[in-house]
Amino acid sequence: MNPSHLDVAAFAKAQVRLEGDTPLVQFERLAADCAGELAGHVTWAAQGAMEPQSGGQDEVWLHVEAHAHVPLTCQRCLSPVSVPLEIAQDFRFVADEETAIAEDEESEEDVLVMTDAFDLMELIEDELLMSLPLVPMHQACLSDQAPISKEEEAILSQEKPNPFAVLAALKTRKS
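Position numbers for residues start from 1 in each chain and track the written sequence from start to end. This being a predicted model, a pLDDT of at least 70 is required before a residue's local features are given, and a value of 80 or more before pairs of side-chain atoms are given or counted; all residues contribute to the totals for chains, interfaces and linings. Excluding hydrogens and water, the side-chain values take into account all heavy atoms of the structure.

(A) Local environment of the nonpolar core. Here, the term nonpolar core denotes a set of buried Ala, Val, Leu, Ile, Met, Phe, Trp, Tyr and Cys residues that are joined through side-chain atoms within 4.5 Å. Under the scheme applied here, a residue whose accessible area is under 20% of the maximum for its type counts as buried, over 50% as exposed, and between as partly exposed, the area being computed with a 1.4 Å probe on protein chains only. In terms of nonpolar packing, the biggest core is built from 35 residues, with Leu62, Val64, Val70, Leu120 and Ile124 touching the most fellow members. Counting from the N terminus, the helices are the DSSP runs of H or I reaching at least four residues and the strands are the DSSP runs of E reaching at least two. Those elements giving two or more residues to this core turn out to be helix H1 (8-13), strand S2 (41-51), strand S3 (59-73), strand S4 (80-94) and helix H4 (120-130). In terms of residue count, the dominant contributor to this core is S3 (seven residues).

(B) Here's a closer look at the sheet that holds strand S5 (residues 110-113). Only when DSSP finds a minimum of two bridges between them are two strands counted as paired. The five strands are arranged S1-S2-S3-S4-S5 in an open sheet whose pairing can be described as mixed. The open sheet terminates on both sides in strands that have one partner only, identified here as strand S1 (17-23) and S5. The mean angle between the axes of side-by-side strands here comes to 25°, regardless of whether they run parallel or antiparallel. Of the pairings in the sheet, the one linking S1 to S2 comprises seven bridges and is antiparallel in character. Bridging across to S2, Leu18 finds its partner in Ala46. In this analysis, two residues are considered to be in contact whenever any of their non-hydrogen atoms come within 4.5 Å of each other. Under this scheme, a helix contributes an axis fitted over its contacting stretch, all axes are lines through C-alpha atoms, and angles between N-to-C directions fall in the 0 to 180 degree range. Contacts between helix H3 (residues 97-104) and the sheet are confined to S4 and S5, with S5 contributing the most and set at about 175° to the helix.

(C) Up close: the environment of Gly36. Tracing the sequence through the fold places Gly36 in the loop between helix H2 (28-32) and S2. Between the C-alpha atom of Gly36 and that of Val81, which follows or precedes it by 45 residues, the distance is 9.6 Å.

(D) Here's a closer look at unusual backbone geometry. Positive phi values are uncommon outside glycine, yet Gln15 reaches one of about 50°. One can find Gln15 in the loop between H1 and S1. You will see that Leu78, though not glycine, has its phi angle at about 65°, which is positive. Its place among the elements puts Leu78 in the loop between S3 and S4.

(E) How the structure looks around the pairing of S2. Here ten bridges tie S2 to S3, and the two strands are oriented antiparallel to one another. Within the sheet, the bridge partner assigned to Ala45 lies in S3 and is Glu65.

(F) Inspection of the pattern of salt bridges at higher detail. Salt bridges are defined by distance alone: a side-chain nitrogen of Lys or Arg within 4 Å of a carboxyl oxygen of Asp or Glu. Here the structure, examined in full by the defined rule, presents five salt bridges. Two residues, Glu59 and Arg92, come together in a salt bridge whose shortest N-O distance is 3.5 Å. Linking Glu59 in strand S3 with Arg92 in strand S4, this pair joins segments that are 33 residues apart in sequence. Residue classification places Glu59 among the buried residues on the basis of a relative accessible area of 17%. Each member of the salt-bridge network shares a partner with another, and the members are Arg29, Glu125 and Asp126.

Purely spatial values, then, with no claim about function.
The following block contains the structure:
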C-alpha cells in the first residue's frame with residue numbers, strides 16, 4: 001500500500017498496519033521549520049480499523065503514531081537544539097465536510113472527510129507541525145541560571161542611572 005495515496009476505507013476494512021521510517025527531508029514543510037542538518041528520520045505507524053456504530057454502518061478509523069527528533073533554533077541562546085516530537089492520534093472518517101464540522105467539536109478524536117486518495121504522509125506531517133513547540137529551548141536555557149549571550153551580559157552589566165536620582169537632580173535645578 002502506498003501511504004501517499006491510501007484508500008482509507010479498504011485500509012480500515014482490512015485492519016492493516018503500515019509502518020515506516022521516512023527521512024526528515026521528505027517532509028518539506030517540517031524541514032522548512034528546522035535549522036541545521038536534516039539527518040534524522042520520522043518513524044511512523046498507522047493502523048486502520050472499522051468500529052461498529054449504533055444503528056448504522058461501521059465507522060472508518062485510523063490510528064496514527066509518529067516520533068522524530070528535529071533540529072530547531074533555541075530561542076534563548078540561538079544555537080541548535082534537538083527537539084523530540086511525539087504524536088499519537090485517532091481519526092474517524094465521515095462522508096462529507098458538513099458532518100465533519102458538526103461532529104468534530106463534540107468528539108475526542110479528529111474527524112476527517114473520506115476521500116478516494118488519502119495522503120497519510122501529509123497527515124503525519126500536519127500532526128508533527130502542530131506538535132512543534134512555540135518557543136524551542138534547551139533544558140538549560142529554561143532555568144534561572146541559564147547562560148546568557150555576550151550581548152545580554154553587556155546590557156546587564158551597564159550602570160543604569162537610578163530613576164530617583166534623576167528626579168532629584170531635576171528638582172535641584174529648578175530651585
